[in-house]
Amino acid sequence: MTVREVLEDLQQERTIAYTTVMTVLDNLHQKGWVRREAEGRAYRYEAVSTRAAYAAALMNDAWSQSDNPAAALVAFFGMMSEEQRQALQDAVRIVQGPETRQAPEAAEPRPAQAEQQENPGSAEDAGGR
């Protein structure tokens, strides 16, 4: 987008000066967040990264600074909504790819496993009697 296009978009919500938008876009360019190409007497700006990539970088940075990354992940997962946990499971499946996915028969718990999952102490108690 050009400075003018960004300005017009922002002015739908509030009054803002052209020079403010131009300065912010120039600062973002200097920091490497946007790239720009000359287009006539103006520049056309384009984001270097997506919001998703930026959020991932923030999470990775925070996680890598933890003295106990496993505990940090457990705490983070504990804060997630059910919808977020489902999105995480979907993302893990995508990253793992088809070659690391379990075969359909391995994914279904066998009767003994299912019973143990429903009542964790029952399988050991039954085997120990």
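Residues numbered from 1 in each chain as written. Predicted model: local features only at pLDDT ≥ 70, side-chain atom pairs only at ≥ 80, totals over all residues. Heavy atoms only, no water.

By the naming in an unreviewed UniProt entry, the chain is Putative transcriptional regulator, taken from Streptomyces murinus. Listed under Sequence similarities (unreviewed entry) in UniProt, the entry text for the chain is "Belongs to the BlaI transcriptional regulatory family." (UniProt positions renumbered as here; feature names shortened; annotations may be inferred.)

Asker: Is there a simple way to think about the packing of helix H1 (residues 3–10) against helix H2 (residues 18–30) in this case?
Answerer: Pairs of packed helices are described in terms of their axes, by the angle between the two and the distance that separates them. In the contact formed by H1 and H2, the axes pass within 9 Å of each other and the chain directions differ by 120 degrees. Between H1 and H2, the interaxial angle falls into the category oblique. As for the relative orientation of H1 and H2, their crossing is right-handed in sense. Residues Val 3, Arg 4, Val 6, Leu 7 and Leu 10 of H1 lie in contact with H2, whose contacting residues are Tyr 18, Val 21, Met 22 and Leu 25. (Axes fitted to C-alpha atoms, helices over the stretch in contact; angles between N-to-C directions. Helix = DSSP H or I, 4+ residues; strand = E, 2+ residues; numbered from the N terminus. Parallel < 35°, antiparallel > 145°, perpendicular 65-115°, else oblique. Left-handed = near helix turned anticlockwise from the far one by under 90°. Contact = heavy atoms within 4.5 Å.)

Asker: Sorry, what's going on with a nonpolar patch on the surface here?
Answerer: Side chains of Val 24, Leu 28, Trp 33, Tyr 54 and Leu 58 sit close together on the surface and give an oily, nonpolar patch of about 440 Å² of accessible area. Looking at the nonpolar patch, the elements with two or more residues in it are H2 and helix H3 (51–64). As for its placement among the helices and strands, Leu 28 is situated in helix H2. (Patch = residues over 30% accessible without salt bridge, like charges linked within 9 Å, V, L, I, M, F, W, Y side chains within 5 Å. Areas by Shrake-Rupley, 256 points an atom, 1.4 Å probe, with all protein chains shown as cover. Salt bridge = Lys/Arg side-chain N within 4 Å of Asp/Glu carboxyl O.)

Asker: Explain the side chain of Thr 2 here, please?
Answerer: By the element assignment, Thr 2 lies in the segment before H1. With residues near it in sequence (within four places) discarded, Thr 2 still touches Glu 39, Tyr 43 and Arg 44.

Asker: How do you make sense of the environment of Val 34 when you look at a structure like this?
Answerer: By secondary structure assignment, the location of Val 34 is in strand S1 (residues 34–39). Remark: the alpha-carbon pair of Val 34 and Ala 47, spanning 13 residues in sequence, is separated by 4.4 Å. Discounting residues that sit within four places of it in the chain, Val 34 has contacts with Leu 25, Leu 28, His 29, Tyr 45, Glu 46, Ala 47 and Val 48.

Asker: Looking at this model, I keep getting lost on the pattern of salt bridges. Mind explaining?
Answerer: As a working rule, side chains carrying opposite charge can pair if their charged atoms are close by. Counted by the stated rule, this structure contains six salt bridges. Of the charged contacts in the structure, one is a salt bridge between Arg 85 and Glu 82, with a shortest N-O distance of 3.3 Å. With Arg 85 and Glu 82 both in helix H5 (residues 82–96) and three residues apart, this pair spans about one turn of that helix. The partner of Asp 90 in a salt bridge is Arg 93, with the nearest N and O atoms 2.7 Å apart. Of this pair, Asp 90 and Arg 93 both sit in helix H5, three residues apart, which is roughly one turn of that helix. Residue class for Asp 90 comes out partly exposed when judged on its relative accessible area of 33%. (Buried < 20%, exposed > 50% of the residue type's maximum accessible area, 1.4 Å probe, protein only.)

Asker: Before we go on, may I ask you to explain the packing of aromatic side chains in this structure?
Answerer: Given two aromatic rings, one states the distance between the centres and the angle between the planes to describe the pair. Across all of its chains, the model carries three aromatic pairs by this definition. Ring plane angle 80 degrees and centroid distance 5.0 Å describe the contact between Trp 33 and Tyr 54, whose orientation is recorded as edge-to-face. Of this pair, Trp 33 sits in the loop between H2 and S1 while Tyr 54 sits in helix H3, and the two are 21 residues apart along the sequence. The class of Tyr 54 is partly exposed, set by a relative accessible area of 38%. Both rings, one in Phe 76 and one in Phe 77, keep their centres 6.2 Å apart while their planes meet at 50 degrees; by these two values the pair is tilted. For Arg 36, the ring lying beneath its charged end belongs to Tyr 43, and the centroid distance is 4.1 Å. (Phe/Tyr/Trp six-rings, centres within 6.5 Å; stacked < 30°, edge-to-face > 60°. Lys NZ or Arg CZ within 6 Å of the ring centre and 35° of its normal.)

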